[in-house]
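# Architecture and fold: a report
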Amino acid sequence: MEKMKILIVESRFYSEISDQLLLGVKRELDSKKILFEVVSVPGALEIAQAMNIIISKDIQLGKEVGFDGFIALGCVIRGETSHYDYVCSESMRSLNYLSMKYNLCVGNGILTCENIDQAYNRSHVDKGNKGGSAAKAALALVKIKKNFRI
């Protein structure tokens, strides 16, 4: 792939899970020698907000967004209240909104799990490696966008 730059926005709420997701992404991007930056936010709801803040300046200036692709990383684990449902729904909705409105290539690595064991199994690089999967998804979208650019 030609030179590209990816922005990774990661939630640190479950830091051990986030560390594994980020490791999976870094391995995938490093293997392809792709440049990236990492921005950390407190929780999953802040991921799309951070992306919006970062891309807004370019958009307001009429410039092309400074990143070829984006990767969202985080984890939401079901608790005893309905908060889980709202965080999952709004995180996904916000990412999809940004990607569609601004034609962004977003790999979604926000895990939505019933318990910490599921999160561990999905995030760990030697198990589910969903960080690596999110990186692959973002790169596939970047490739499509570059091939069909008008």
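Structure first, text after, so check above.
Note that the coordinates shown come from a computational prediction; the quantities given were computed from them, not determined experimentally. (Residues numbered from 1 in each chain as written. Predicted model: local features only at pLDDT ≥ 70, side-chain atom pairs only at ≥ 80, totals over all residues. Heavy atoms only, no water.)

## Section: helix 1 (residues 15-31)
Taking 1.5 Å per residue as the helical rise, helix 1 with its 17 residues ought to reach 24 Å, and the 24 Å between its terminal C-alpha atoms agrees with that figure. Within the sequence span of helix 1, burial applies to Ile-17, Ser-18, Gln-20, Leu-21, Leu-22, Gly-24, Val-25, Glu-28 and Leu-29. Where helix 1 is buried, its residues meet strand 1 (5-11), strand 2 (35-41), strand 3 (69-77), strand 4 (106-113), helix 4 (116-123) and helix 5 (130-147). A positive backbone phi angle near 55 degrees is found at Lys-33, which sits one or two residues after helix 1. (Helix = DSSP H or I, 4+ residues; strand = E, 2+ residues; numbered from the N terminus. Expected span 1.5 Å × (residues − 1). Buried < 20%, exposed > 50% of the residue type's maximum accessible area, 1.4 Å probe, protein only. Contact = heavy atoms within 4.5 Å.)

## Notes on the pairing of strand 2
Looking at chain direction, strand 1 and strand 2 are connected through seven bridges and run parallel. Bridge pairing links Lys-5 to Leu-35 in strand 2. Regarding topology, helix 1 serves as the crossover connection from strand 1 to the parallel strand 2, and that connection is right-handed. (Pairing = 2+ DSSP bridges. Right-handed = clockwise from strand over helix to strand, strands pointing away.)

## Points about the sheet that holds strand 4
If you walk across this open sheet you meet the four strands as 2-1-3-4, and the pairing is parallel. Each edge of the open sheet carries a strand with a single partner, namely strand 2 and strand 4. The average angle at which neighbouring strand axes cross in this sheet is 15 degrees, direction not considered. In this structure, strand 3 lies alongside strand 4, joined through eight bridges in parallel fashion. Bridge pairing in strand 4 links Val-76 to Thr-112. Docked against the sheet, helix 3 (residues 83-102) engages strand 3 and strand 4, running at close to 175 degrees with respect to strand 4. (Axes fitted to C-alpha atoms, helices over the stretch in contact; angles between N-to-C directions.)

## Quick look at the pattern of salt bridges
Evaluated as defined, the whole model comprises nine salt bridges. The closest approach of N and O atoms between Arg-12 and Asp-19, which form a salt bridge, is 2.9 Å. In this structure, Glu-90 engages Arg-93 in a salt bridge whose closest nitrogen and oxygen atoms are separated by 2.9 Å. Here Glu-90 pairs with Arg-93, and both are found in helix 3, just three residues apart, close to one helical turn. Judged by relative accessible area, which is 31%, Glu-90 ranks as partly exposed. A relative accessible area of 45% places Arg-93 in the partly exposed class. Here the salt bridges share partners, and the residues they tie into one network are Glu-10, Arg-12 and Asp-19. (Salt bridge = Lys/Arg side-chain N within 4 Å of Asp/Glu carboxyl O.)

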